[in-house]
Every structure is written in structure tokens, then in C-alpha cells.
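Chain by chain, the residues run as shown.
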Amino acid sequence: MKWRVGPYHSLCLEPMRMEFDLQGTEIQEAKIEVGFLHKALEQAMTKQPWSATLVYAGHLDPESSFFGEWVTCIALEKLLRLSLPPRAHWIRAIVAELSRLSLSLHFFSYIAKALPFETLLHYTLREREMILDLFELLTGSRHAQHFLRVGGVASDTTAGFLDRILILCKEMTHRLTEYRDILLENPLIQQRMQQQGQLRKEWIEAHGITGINALASGAPALPPQVTTDHPFLQGRQAMPCYPRNGPQSGDIYSRVCLHMEALQGSLSLLEQWCEQIPPGEFLQPHAFPKTFPEGIGQGCLEGPRGLLCCDITSAEKGTHPEKVSFSTPTERLLPVLPLLLKGQLLQDIPLLLASLHLSIAEVDR
Amino acid sequence: MIPPSTVHLSTLEKVGGFCQSQSLWYFHIPGGCCADELLNTFGCRYDLERFGCRPVLNPQHADLLLISGGISQKAAPYLQTLYHEMPSPKYVVAIGACAITGGLFAPQQGGSSLPGLDSLIPIDVYIPGCPPRPEAIMNGLIALQEKVKQRAFLPSV
């Protein structure tokens, strides 16, 4: 039997259309169609002046707008050959880690919605509010912060920001134990997650899947030939906080475990950084020119979902970008989905999609 | 002046309008950061369910269609079909600049979202913001409740 669902269906979690060939409730073949959130982001960026580039980049991945901005900022700074004041690096790294925390909690809220498990949903949303409050304290808005500037950040840390991060870390570390007990130690949930939706290692190598999805299957989170050029991102994989202790069988359970590890890692990293942050300037003055030099700026970083890259081409004395292109982790994951869905039961799909942490907005852009 | 041949059930209408306004079950069209903010509004701090708003998974069970984020040309016909599937009386709330005018991604800015949803389906309440705060979303829903209360749902006898 052929069955088409979507684009707006609870099975899909995000706007996409799926076509199944069904035998009972078992999927024989699946096809995926995306493009329902298409906004022409890259094209819109080329029609706007340079000053609007970062604002648009924040809408690349709406759930973690910081990383879209950051990767574009790195590309623009390379184009201008700028070097940042050290404190700007630190503030960026701290806000990025908070964004990672927020997105990890978002992941658990999606898992809770897919299970469905409303207690966990409300737990995660409660913790997430604390992080959004911190964003509001620093930047004035909860989402779409537009905090980054070429050559630094928009403002210095506000009074009490770093202290409140430390309080948050303390409280979250305590609550992570509750999360583990309620989700990972629950035998019924374990049975639903283990041996389900296994992402094979050969698919990861063939399609270039990165991030926690790759790590959960025993592959490296970033391919070895990729170098991310940022003092805080370079050594991230070598840091003790980096998730590596979870099971690496590639099933849903291992992905959820590694997300929990990543949450723990972000917390310990934040605790260290808040105490080590050096004083100094937060923005290089007059760094943003009216016209940009000719050339290509390339930015590359490890986002919360995986490897995120941005290329910006500038023409001679151009008043706006000539060409912008992003490469996002979810678009490399989508070709694997039909392979992954084959042989699954219909009722397992929401959990499987939630565990992959897809962002369709990032693909459609 | 009341025409002599009609009967007006004024109290009953008020009770009916109040009941309807307190059970606005919504079907959500996700997209963009406004969807995230709606999820936070549903969460324990803002607790959307005290307004009688709770999510349903089928448009045929919904009284309210919440649209957040831009709607592309490709999604427009699906959205229209979905709207027609909902039983009457039905209400639509557009959350965020992208849903209201296309926002950053309107055609005049170079994007490909629809330049406003009202060309596609009738919209009852617009909640501006990029994205609007949870308080703004709740305020929009209270405005919708006022609108529902004033609506005469019984035909004149």
C-alpha cells in the first residue's frame, strides 16, 4: 500500500513530505521530499548590503541562530583578514556553549514529544527558560539575538551574567541526574530505543555525516581532513568534556546517551570558562568597512548538529555579497533517511526522526 | 428595535461564546524560530493550557490554526487544503513577521516566502515580532478569545 504523509503531519515533526510503501505497518520503501520552508536565504543575502548579512545568517537554523551568525562572521573576518581581541573570542565561545546547551535541551524536548513523555518535555522547557533568560540578560532578546559583529561582539558581558551562568551550571548538573534516571534508566524507554534505527558506519563515511550522529556510530565527529580555524574550536575534540563515553552502536539509545554527555560537557566547559575569561576590549573598533575587498572568505566550525561551513564571495568594491553558500549538517543526513526508514515500523518514525536532530529549516533555507 | 417574530437567546449565546473561547484547541504549522517560542509558551513557565489551548495532532479536531514562520510557494496549496479540512467555526492566528508579511524573506527583500498569508486564507489575529515573546503570543490568544466571545454562534430563531 502506498501512503503519503505531510508536509504538516505529527509523524514528520518538521515540514517534509514522505511517501511510504507499506506492508502492514512495516515500511518497505520510503521517499523524502523537502522544500516546504524554502526562503531563498542565500539569494536574499546577495541582494542586501553587507551590514544585513549577519542578520540573515541568524535565520539559517532558527533553533540555534548563534551558529549561523558565527560561521558567517568567521568567513567575513577571513575576507577582511581581521584578528579579534582575545575577550571577544571568549565571549563568543561562552555564548556558543550556552546555545549548545539550549539546543541539547531542545533535542530532549523533541524526544519527549516523540515518545510522548510530557514530564520530560516540561523539565527541559523549564531548564531552557533559564538559558533564554541569560540570553535576554546579555543581548536583550531570547531568540534571534544578533549579538555578533564583524570584529567582536555587540556588547561586553552585562553585570551578573557570568555569575548567573555559574548558578545555572550548578543547578543543571544536579538536574541531569534526574534526566538520566527518568529517561536513560527507564527500562521501557530503553526497550523502545535500543537496537532501533541503526545508522551504519559505511553510510556515515559515504555521505559525510558529522556531529553526534556520526559519533554515536563509532565514527569521528568531524572528518580528519577538516580543520576548524578558531582558537576555541580547534581543540574542542581533544577536550575532556567532549562526549565519547556513551555506547557507540549507532542506535537511537546511543545518540540520546551522547547528547546527555554533550550536555554534561558543555556545563563543565562553561564553569571553567566563566572563571578564566580575561579582561579587555570586546570589539575591534571601525572593523566593518563600507566595501569589502575582492576574494572568498570561508568559515568552518563544529556546530551543535555537526560540521557547518559558509563561503562568501565578494566582488571588487562590492556593496553586497556576490555569492553566499552554506553547507549544513542536516542536508548530508537527509539522503540516508530512506535507507534508515526501510524496515522500520510506522509508529517508530517520530522517535527515529527526533533522535537524528534534523533541522529542515537548515536544509530548505 | 427587535423584530417581533424573532427570539433572542442572549444569555445562552454568552454562555456558548464563553465555553467556545475557553477550549481553543490548536493545530500548529511549524517553521522558523516562532515555532520554538510557541513551544516555550506551551511549557511550564507560561502554561498555555490554562487558556484552554492545547495542541492536537489532526486538523479535523482543531478549532484554531496557529501558523508560525514563513510559508513558501510550495507549501501554500497544502496549507489551503489543511485549512479547508478544519471544521467550522475555525480561527487562524499568524505568529511572527514571516507569517504576517513575509518579513525578512518577503519577495521584495529577495526571499521566496509568500508576501503575507492573508492572500491565502482569512486570518483573525496577527501577532507581530521576530519572534514574538511568549507574553505577546498569550496576548494574541486572549485577543482571539475576546473575538470568539463576541461572535453570535446561534442563528436567530
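Report follows, based on the coordinates. Keep in mind it's a predicted model, so treat the numbers as computed, not measured.

### A look at the sheet that holds strand β8 (residues 323-327) of chain A
Residue and element names in this part refer to chain A. Strand order in the open sheet formed by three strands is β6-β7-β8, with antiparallel pairing between adjacent strands. Where the open sheet ends on each side, the last strands, each with one partner, are β6 (295-302) and β8. The mean inter-strand angle of the sheet, taken between neighbouring strand axes irrespective of direction, is 10°. Contacts from helix α3 (residues 65-80) reach β6, β7 (307-314) and β8 within the one sheet, and its direction differs from that of β6 by about 140°.

### Some remarks on the packing of aromatic side chains
Residues and elements named next belong to chain A. Following the criterion strictly, the structure yields nine aromatic pairs over all chains and no others. Geometrically, the ring pair formed by F66 and F67 is edge-to-face, given 5.9 Å between the ring centres and 85° between the ring planes. One exposure class covers both F66 and F67, and it is buried. The structure contains a cluster of three or more aromatic residues connected by ring pairs, namely F66, F67 and W70.

### Considerations on the interface of chain B and chain A
Where the parts come together, the accessible area they lose is often given as the size of the interface. With 35 residues of chain B at the contact, the number on the chain A side is 40 residues. Around 3200 Å² of area is buried between chain B and chain A when both sides are counted, 59% of it from carbon and sulfur atoms. With a closest N to O distance of 2.7 Å, R45(B) and D133(A) form a salt bridge. On the surface where chain B and chain A come into contact, there are 14 residue pairs in polar contact (both at pLDDT 80 or more). Sort the elements by how many residues they give to the side of chain B that touches chain A and helix α2 (residues 33-42) of chain B lands first, with six residues. A class-by-class count of the residues in the side of chain B that touches chain A yields 18 nonpolar, 11 polar and six charged.

### Quick notes on the sheet that holds strand β4 (residues 125-127) of chain B
All names here are of chain B. Spatial ordering of the open sheet is given by β1-β2-β3-β4, a layout of four strands whose pairing is parallel. A single partner strand is all that each edge strand has here, and the edge strands are β1 (26-29) and β4. Neighbour-to-neighbour, the strand axes of this sheet turn through a mean angle of 20°, independent of strand direction. In this structure, β1 lies alongside strand β2 (residues 64-68), joined through four bridges in parallel fashion. When the sheet's bridge partners are listed, F27 is paired in β2 with L65. In the packing of helix α3 (residues 76-85) onto the sheet, contacts are made with β1, β2 and β3 (91-95), and the angle to β2 comes to roughly 160°. Those strands touched by helix α5 (residues 134-150) are β2, β3 and β4, and its axis lies near 170° from that of β4.

Cut-offs applied
- Residues numbered from 1 in each chain as written.
- Chains lettered and ligands numbered in written order.
- Predicted model: local features only at pLDDT ≥ 70, side-chain atom pairs only at ≥ 80, totals over all residues.
- Heavy atoms only, no water.
- Pairing = 2+ DSSP bridges.
- Helix = DSSP H or I, 4+ residues; strand = E, 2+ residues; numbered from the N terminus.
- Axes fitted to C-alpha atoms, helices over the stretch in contact; angles between N-to-C directions.
- Contact = heavy atoms within 4.5 Å.
- Phe/Tyr/Trp six-rings, centres within 6.5 Å; stacked < 30°, edge-to-face > 60°.
- Buried < 20%, exposed > 50% of the residue type's maximum accessible area, 1.4 Å probe, protein only.
- Buried area = accessible area lost by both parts, 1.4 Å probe.
- Salt bridge = Lys/Arg side-chain N within 4 Å of Asp/Glu carboxyl O.
- Polar contact = N/O pair within 3.5 Å; in protein donor to acceptor, adjacent residues only side chain to side chain.
- Nonpolar A, V, L, I, M, F, W, Y, C, P; charged D, E, K, R; others polar.

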